[in-house]
Amino acid sequence: MNSGKKLYIQEVAPRDGFQNEKRFIDTHDKIEFINQLSTSGYAKIEATSFTSPKAIPALKDADMVMHEIERNPQVIYTVLVPNVRGAERALACNVDEVNLVMSVSETHNRANLRMTREQSFAQLSDVVGAMRGSNVAINVSLSTVFGCPMEGDIATDEVFGLMNRFAQLGIDGITLCDTTGMAYPSQVSDIAAKARSQFEQLELTMHFHNTRGMALANTLAAIEAGCDRFDASLGGLGGCPYAPGASGNVCTEDLVHMLELMGYHTGVDLDRILAISSALPELVGHDIPSQILKAGPRMTLHPAPEQAY
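Under the annotation held in an unreviewed UniProt entry, the protein carries the name Hydroxymethylglutaryl-CoA lyase and is attributed to Pollutimonas harenae. Per UniProt, the comment on the protein under Sequence similarities (unreviewed entry) is "Belongs to the HMG-CoA lyase family."

Shown next as structure tokens:
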């Protein structure tokens, strides 16, 4: 057992999950969903994205969502911000943190953001500058850290070089993202350990996808390397359009179930998030890849069949 070691779970379904849904989630449903998450024990909730409504129409209601949610002072509310205009909108909504995203892979960055890495870095540097003096935390999420479906393996020197450039700008945290589910445990352990030792001043988050069924194993490898912050998505919602056939992010309830059984303390109320997750299929209009929602927690017992007596 792990004597109650504290881990921090960060819910990304309202942004990373909902932006991938074909059905538009009603604004009031989004607000109610976030309000329920806010009383479930999360350390952080990624609530929405201040991107152009034309680019991501699923989150065109970002301003209203942030103004209307009931905030829990114990929860950090973070939002994705792509540029200075998005940063200005986020500041007007009194967010706690902004999350800036780019890929370590040149090809993935061009495909996903339609910019070179240098163009992305310049644009995000402008965002960092615009946020100075605001007391709003700045996190940078680096995509394709563990592999790119178009380029293959990514050199770790590229990862740490980009981390260092952002660290020099004075950001607060970095998220290492397994965007297309290519990570494997020994790779995760090596990269996570080096990241922690080289960037002790940064809050480090790990973001895994379950594309190839390794998200839980990768989480354990990261914990062994000293990591304690993890993104997860309720019901396993989300995904990447450049990973054909890919499932989404690691499922929050599956992750919390495993960690609590192993003696870690996540602070997340499993029964409560299972109740919230059970409403997701109707909300999004399709089944969700949550194993614990289907099978129940480990100690969900059933009556013995008659032939057992």
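Still more ground to cover, so stick around.
1. A word on the state of the cysteines
Per the stated rule, a full pass over the model turns up 0 disulfides. Free of any disulfide, Cys251 has its nearest neighbouring cysteine sulfur in Cys177, separated by 18 Å. With a relative accessible area of 5%, Cys251 lands in the buried category.

2. Considering helix H7 (residues 156–168)
The end-to-end C-alpha distance of H7, which contains 13 residues, comes to 18 Å, matching closely the 18 Å that a straight helix rising 1.5 Å per residue would cover. Along H7, the positions that sit buried rather than exposed are Val159, Phe160, Leu162, Met163, Phe166 and Ala167. Each buried residue of H7 lies within a common arc of 160° when the element is viewed along its axis, so the set occupies one face. Set apart from the buried face of H7 by more than 90 degrees, the exposed residues are Asp157 and Gln168. Once H7 ends, the next one or two residues include Gly170, with phi positive near 90°.

3. As for the pattern of salt bridges
Counted according to the given criterion, the structure contains 13 salt bridges. When salt bridges that share partners are traced, they join Lys44, Glu97, Glu203 and Arg229 into one network.

4. Digging into the packing of aromatic side chains
Taken as a whole and assessed by the stated rule, the structure comprises 3 aromatic pairs. Seen in terms of ring centroids, Phe146 and Phe208 are 6.1 Å apart; in terms of plane orientation they differ by 45°. Their pairing is tilted. Of this pair, Phe146 sits in the loop between strand E5 (137–143) and H7 while Phe208 is found in the loop between strand E7 (203–207) and helix H9 (215–224), placing the two residues 62 residues apart along the sequence. The ring of Tyr8 has Lys6 sitting right over it, with the charged end atom 5.3 Å from the ring centre. The ring of Tyr8 has Arg229 lying over it, and the distance from NZ or CZ to the ring centre is 4.3 Å.

5. What to know about the sheet that holds strand E3 (residues 76–80)
Pairing within the closed barrel is parallel, and its 8 strands lie in the order E1-E2-E3-E4-E5-E6-E7-E8. Ignoring which end each strand starts from, the neighbouring axes of this sheet average 25° apart. Each of strand E4 (97–103) and E5 touches helix H5 (residues 106–113); the most contacted strand, E4, lies at about 120° to it. Sitting on the sheet, H7 is in contact with E4, E5 and strand E6 (173–177), with an inclination near 165° to E5.

6. Concerning the environment of Ala279
Counting through the fold element by element, Ala279 comes out in the loop between helix H11 (270–277) and helix H12 (280–284). Note: C-alpha distance between Ala279 and Gly235 (44 residues apart in sequence) is 9.8 Å.

7. A look at the environment of Arg110
The topology assignment puts Arg110 in helix H5. Among the residues examined, Arg110 registers a relative accessible area of 47% and is labelled partly exposed. With 109 residues separating them in the primary sequence, Arg110 and Thr219 have C-alpha atoms 28 Å apart. Among all residues touching Arg110, those that are not within four sequence positions of it are Met115 and Thr116.

8. Comments concerning the side chain of Ser103
By secondary structure assignment, the location of Ser103 is in strand E4. Those residues in contact with Ser103, other than ones at most four positions away along the chain, are His108, Asn109, Arg117, Ser143, Thr144 and Leu162.

Rules and cut-offs
- Residues numbered from 1 in each chain as written.
- Predicted model: local features only at pLDDT ≥ 70, side-chain atom pairs only at ≥ 80, totals over all residues.
- Heavy atoms only, no water.
- UniProt positions renumbered as here; feature names shortened; annotations may be inferred.
- Disulfide = S-S within 2.5 Å.
- Buried < 20%, exposed > 50% of the residue type's maximum accessible area, 1.4 Å probe, protein only.
- Helix = DSSP H or I, 4+ residues; strand = E, 2+ residues; numbered from the N terminus.
- Expected span 1.5 Å × (residues − 1).
- Arc of directions from axis to C-beta.
- Salt bridge = Lys/Arg side-chain N within 4 Å of Asp/Glu carboxyl O.
- Phe/Tyr/Trp six-rings, centres within 6.5 Å; stacked < 30°, edge-to-face > 60°.
- Lys NZ or Arg CZ within 6 Å of the ring centre and 35° of its normal.
- Pairing = 2+ DSSP bridges.
- Axes fitted to C-alpha atoms, helices over the stretch in contact; angles between N-to-C directions.
- Contact = heavy atoms within 4.5 Å.

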